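# Residue-level structural notes
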Amino acid sequence: MTNFNQPISGNDLARFSGPNTFMRLPQADSLDGLDVAVLGIPQDVGTSWRSGTRFGPKQIRAESAMIRPYNMATGAAPFDSLQIADIGDLAINTFSLAESLKIIKESYDGILTHDLIPVAMGGDHSITLPILRAIAGKHGPVALVHVDAHADVNDEMFGERETHGTVFRRAYEEGLIQADKTYQIGIRGSGYAATDFTEAQGWGFQHFPAHELWHRSLAPLGAEIRRDIGDRPVYVTYDIDSLDPAYAPGTGTPEIGGLTTPQALELIHALKGLNIVGCDLVEVSPPYDTSGNTALTAANLLYELLCVLPGVTSR
C-alpha cells in the first residue's frame, strides 16, 4: 500500500513554523514516484507594468500553510490518492527573459519524462509559453482553459515577441494549443482597438468577457467547457488578475470589474473530470498587497486545482 505524502497538520506543528513548501508538503529531490510536482518559477522579467512576481512562489507557499488537506465543499481528498510533493524553484536567469524561457522549457522537458502532472506557481505569464512548448511536445496540441483579465495575444511588445502579453498568440502560431478548444475567461478592460479580442476569436478562441459573467454562477460555464473538451488533454492557466482587484490587488496589471472568488471556485469545481495534464497560477506580486491576501487567494486556488486533477478521490 502506498504511503502518500500529507501536509503537516497544524495540530502537530504550529502553522507559523515548519518547511516553506506548498501546504508544508515534503520537498522532493527526485521525481520518481510522484503523481504531481508542485514547483515555483520566480520570474518577472517578462512583465510590462508592475514587477514583483519573482516573489510570488515564496509568498504563495507561506500563505498555503493554513490550508488543510480535505475539501469541505467538494469532498475531494487529493492527498489520499495522489503522491504530491514540492520540488522547489526553477533556477531562472533573472537578467535574461530569453534565457529564462529556455531554462523553463528544458526543465519541463525533463520533468515530463516522468508520468506526472506539473503544477507551477509564477512568476509572470510569460512562463506559460515554454511550459506549453514542453507540454505539447509530450501530449500534442492541448485544449486550454485560460482565466485572465487579458487575452495575451499581442504580436509584440516593445519589439519583443516573447513577453507576458504575447503568450497565446505564440502558442497558437506554434500549434501548441487547439484553437477551437481554447477558452479565455474573465477578459476585460480597455484596449487599443476593437480587434484586440476579435482577432483571436477569428482563430477559434472562445471568449467569455468578465462583463458577461457579472452576477452569474460560473458552474454552468465550467460544465459547458468540460463537455466541449471531452477527454482531450487540457492545460489550465490561471492569472490571478482575472479576479477583481478587490479580491486580488497584488498583481502586475490589475483591471477593475473582474471575477469574484466564489466565481473562481465555481469554475474550478466544474472542471472536475477533465484530463488535466498541467496547470499554473501566475502574476501574484506580493509587494502590491502587504496583507498577503492575494497570495492567500492564489494558494487556495492552487489547492482547488489539485482537487480536480485526474485520479483525485472523494470521501
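## Points about the sheet that holds strand β5 (residues 142-147)
Taken together, 8 strands build an open sheet; the order of strands is β3-β1-β4-β9-β8-β5-β6-β7 and the sheet is parallel. At either end of the open sheet lies a strand with only one pairing partner, and these are β3 (84-89) and β7 (206-208). Averaged over all neighbouring strand pairs, the angle between strand axes comes to 15 degrees, with direction disregarded. With 4 bridges connecting them, strand β1 (residues 36-41) and β3 associate as parallel partners. Its bridge partner lying in β3, Val 36 is registered against Ile 84. Contacting β1, β3 and β4 (117-122), helix α3 (residues 97-111) runs over the sheet at an angle of about 170 degrees to β1.

## Concerning the pairing of β4
The buried count for β4 comes to 6 of 6 residues, which makes it a mostly enclosed element. Of the two faces of β4, the one carrying Ile 117, Val 119 and Met 121 and the one carrying Pro 118, Ala 120 and Gly 122 are both buried. Bridge count between β1 and β4: 6 bridges; the pairing is parallel. Looking across to β4, one finds that Gly 40 is bridged to Met 121. Where β4 meets strand β9 (residues 275-282), 3 bridges bridge the pair, whose relative direction is parallel. Of the residues in β9, the one forming a bridge with Ala 120 is Asp 280.

## Section: the pattern of salt bridges
Overall, the coordinates contain 13 salt bridges when judged by the stated rule. When the shortest N-O distance is used, the salt bridge between Arg 315 and Asp 80 registers 2.5 Å. Here Arg 315, found in the segment after β10 (313-314), pairs with Asp 80, found in helix α2 (residues 78-81); they are 235 residues apart in sequence, far enough to count as distant. Using a relative accessible area of 33% as the deciding quantity, one classes Asp 80 as partly exposed. When the shortest N-O distance is used, the salt bridge between Arg 170 and Glu 173 registers 2.9 Å. A residue pair is termed a helical-turn pair when its members lie 3 or 4 positions apart in one helix, as Arg 170 and Glu 173 do in helix α5 (residues 167-173) at 3 residues. Overall, Arg 170 belongs to the buried group, its relative accessible area being 3%. Accessibility expressed as a relative area gives 43% for Glu 173, which makes it partly exposed. Put simply, Asp 155, Arg 161, Arg 170 and Glu 173 are held in one network by salt bridges that share partners.

## Focus: the packing of helix α8 (residues 261-270) against helix α9 (residues 293-307)
The axes of two packed helices give the description: the angle between them and the distance between them. In the contact formed by α8 and α9, the axes pass within 9 Å of each other and the chain directions differ by 20 degrees. Taken together, the axis directions place α8 and α9 in an arrangement best described as roughly parallel. Between α8 and α9 lies a crossing of right-handed hand. For the pair α8 and α9, the contacting residues are Thr 261, Ala 264, Leu 265, Ile 268 and His 269 in the first and Thr 297, Leu 301, Glu 304 and Leu 305 in the second. Residue composition of the contact of α8 with α9, grouped by class: 5 nonpolar, 3 polar and 1 charged.

Reading the values: rules and limits
Residues numbered from 1 in each chain as written. Predicted model: local features only at pLDDT ≥ 70, side-chain atom pairs only at ≥ 80, totals over all residues. Heavy atoms only, no water. Pairing = 2+ DSSP bridges. Helix = DSSP H or I, 4+ residues; strand = E, 2+ residues; numbered from the N terminus. Axes fitted to C-alpha atoms, helices over the stretch in contact; angles between N-to-C directions. Contact = heavy atoms within 4.5 Å. Buried < 20%, exposed > 50% of the residue type's maximum accessible area, 1.4 Å probe, protein only. Salt bridge = Lys/Arg side-chain N within 4 Å of Asp/Glu carboxyl O. Parallel < 35°, antiparallel > 145°, perpendicular 65-115°, else oblique. Left-handed = near helix turned anticlockwise from the far one by under 90°. Nonpolar A, V, L, I, M, F, W, Y, C, P; charged D, E, K, R; others polar.

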